[in-house]
Amino acid sequence: MTATRAVVRRVVLGAFVGVVAVIVLLVGRVVLSATGLSWDPHGYGMFAGILFTAVLTPVALALWLLYRRLRRRGN
């Protein structure tokens, strides 16, 4: 495996971890808003959390599949 491929693989894995962390925070925001534990009188936090999670989930899946593909070709 070349050094460039290893760097790209680590960058992709780091991006995946970052996107998953954002998804977890957004889901937490939705849960807090839905249960009433968050002060969100209009529910914009819940709508934004659902929308952004729906957009970021395919991104996370694509990054994970790219990482697996880079990992498979490196072995």
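Computed from a prediction, not measured in an experiment: that's the story for all the values here.

Caption draft 1: View of the overall build of the chain. Summing up its helical and strand segments, the chain has 2 helices and 0 strands in all. In terms of overall dimensions, the chain is more spread out than a globule: its C-alpha atoms have a radius of gyration of 17 Å, far above the 11 Å expected for 75 residues. Taking the principal axes of its C-alpha atoms as reference, the chain extends roughly 55 × 15 × 15 Å. Per-residue burial for the chain yields a buried fraction of 24% across its 75 residues.

Caption draft 2: Here's a closer look at helix H1 (residues 3-35). Its 33 residues give H1 an end-to-end C-alpha distance of 48 Å, which sits within 8% of 48 Å, the value for a rise of 1.5 Å per residue. Two residues or fewer after H1 comes Gly 36, characterised by a positive phi angle close to 90°.

Caption draft 3: Spotlight on the side chain of Ser 33. Structurally, Ser 33 can be placed in helix H1. Aside from chain neighbours lying at most four places away, what touches Ser 33 is Ser 38, Asp 40 and Met 46.

Caption draft 4: Spatial organisation of the side chain of Asp 40. As for its position among the elements, Asp 40 is in the loop between H1 and helix H2 (44-74). Buried and without a salt bridge, Asp 40 has Arg 29 as its closest oppositely charged side chain, separated by 4.2 Å. Reaching out from Asp 40, the side chain makes a polar contact with the side chain of Ser 33 at a distance of 3.3 Å. Here Asp 40 is in contact with Arg 29, Ser 33, Gly 45 and Met 46, once residues within four sequence places are set aside.

Caption draft 5: Here's a closer look at the environment of Gly 43. Assignment of secondary structure puts Gly 43 in the loop between H1 and H2. When its relative accessible area of 10% is taken as the criterion, Gly 43 is described as buried.

Caption draft 6: Structural detail: a nonpolar patch on the surface. Residues Leu 13, Val 17, Leu 61, Trp 64 and Leu 65 make up a contiguous nonpolar surface patch of about 450 Å² in total accessible area. Of all the elements in the fold, those that place two or more residues in the nonpolar patch are H1 and H2. The greatest single-element share of the nonpolar patch, amounting to 3 residues, is contributed by H2. Its location among the elements puts Leu 61 in helix H2.

Cut-offs used in this document
Residues numbered from 1 in each chain as written. Predicted model: local features only at pLDDT ≥ 70, side-chain atom pairs only at ≥ 80, totals over all residues. Heavy atoms only, no water. Helix = DSSP H or I, 4+ residues; strand = E, 2+ residues; numbered from the N terminus. Rg over C-alpha atoms; globule rule 2.2 N^0.38 Å. Buried < 20%, exposed > 50% of the residue type's maximum accessible area, 1.4 Å probe, protein only. Expected span 1.5 Å × (residues − 1). Contact = heavy atoms within 4.5 Å. Lys, Arg positive; Asp, Glu negative; His and termini not counted. Salt bridge = Lys/Arg side-chain N within 4 Å of Asp/Glu carboxyl O. Polar contact = N/O pair within 3.5 Å; in protein donor to acceptor, adjacent residues only side chain to side chain. Patch = residues over 30% accessible without salt bridge, like charges linked within 9 Å, V, L, I, M, F, W, Y side chains within 5 Å. Areas by Shrake-Rupley, 256 points an atom, 1.4 Å probe, with all protein chains shown as cover.

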